[in-house]
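# Architecture at a glance
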Amino acid sequence: QAADSKREQFRQYLEKSGVLDMLTKVLVALYEEPEKPDSALDFLKHHLGASAPENLEIEALRLEVAEMKEKYEAVLEENKKLKTKVKVY
């Protein structure tokens, strides 16, 4: 009976935290998918946002965007200086 009590507490914990609802939604989405994916696990990972390569790719893209913003600001500053020089001539 102690095991049943622990199991029920854990179920309530999962329910309160929204885990059961999220899992149910993803499993329903997989069930309703007209063409089943080759890997159900990959489908679940993708829909739960847990695929590590994507997260690493997103971080790499964020870094690239930050670098591009710095380069853009430098080009704007250089453009401003060149426009000033052109006006002098």
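Residues numbered from 1 in each chain as written. Predicted model: local features only at pLDDT ≥ 70, side-chain atom pairs only at ≥ 80, totals over all residues. Heavy atoms only, no water.

Helix and strand content of the chain: 4 helices and 0 strands. When the helices and strands of the chain are listed from N to C terminus, the series reads α-α-α-α. Computed over its C-alpha atoms, the radius of gyration of the chain comes to 26 Å, more than 25% above the 12 Å expected for a compact globule of 89 residues. The dimensions of the chain, computed from C-alpha atoms along their principal axes, are 90 × 35 × 15 Å. A total of 89 residues make up the chain; the buried ones form 6% of that total. Side-chain charges of the chain comprise 15 positive and 18 negative groups, with the mean position of each set lying 9 Å from the other. (Helix = DSSP H or I, 4+ residues; strand = E, 2+ residues; numbered from the N terminus. Rg over C-alpha atoms; globule rule 2.2 N^0.38 Å. Buried < 20%, exposed > 50% of the residue type's maximum accessible area, 1.4 Å probe, protein only. Lys, Arg positive; Asp, Glu negative; His and termini not counted. Charge placed at Lys NZ, Arg CZ, Asp CG, Glu CD.)

Turning to the packing of helix α2 (residues 19-32) against helix α3 (residues 40-48), a few remarks are in order. Where α2 contacts α3, the axes come no closer than 10 Å and their chain directions differ by 130 degrees. The orientation of α2 relative to α3 falls into the category oblique. In the crossing of α2 with α3, the sense of the turn from one axis to the other is right-handed. Between α2 and α3, the contacting residues are M22, L23, V26, L27, A29 and L30 on the first element and A40, F43, L44, H47 and L48 on the second. Looking at the contact of α2 with α3, its residues break down into 10 nonpolar, 1 polar and no charged. (Axes fitted to C-alpha atoms, helices over the stretch in contact; angles between N-to-C directions. Parallel < 35°, antiparallel > 145°, perpendicular 65-115°, else oblique. Left-handed = near helix turned anticlockwise from the far one by under 90°. Contact = heavy atoms within 4.5 Å. Nonpolar A, V, L, I, M, F, W, Y, C, P; charged D, E, K, R; others polar.)

Moving on to the environment of S39. Mapped onto the secondary structure, S39 falls in the loop between α2 and α3. Along the sequence, S39 and D4 sit 35 residues apart, while their C-alpha atoms lie 33 Å from each other. From its side chain, S39 meets the backbone nitrogen of D42 in a polar contact 3.1 Å long. (Polar contact = N/O pair within 3.5 Å; in protein donor to acceptor, adjacent residues only side chain to side chain.)

Counted under the stated rule, the structure contains 5 salt bridges. Across the pair R11 and E8 runs a salt bridge, and its minimum N-O distance is 2.6 Å. Note that R11 and E8 are positioned in helix α1 (residues 2-16) at a spacing of 3 residues, about one turn of the helix. In this structure R11 comes out as partly exposed when scored by relative accessible area, which is 34%. Here R11 and E15 are joined by a salt bridge, their closest N and O atoms 2.4 Å apart. With R11 and E15 both in helix α1, this residue pair falls 4 residues apart, about one helical turn. Through salt bridges with shared partners, one network takes in E8, R11 and E15. (Salt bridge = Lys/Arg side-chain N within 4 Å of Asp/Glu carboxyl O.)

This next bit is on the UniProt feature "coiled-coil region" (unreviewed entry) in the chain. In the numbering adopted here, UniProt assigns the feature "coiled-coil region" (unreviewed entry) to residues 58-85. The span residues 58-85 carries 100% helix and 0% strand; its end-to-end C-alpha distance comes to 41 Å. (UniProt positions renumbered as here; feature names shortened; annotations may be inferred.)

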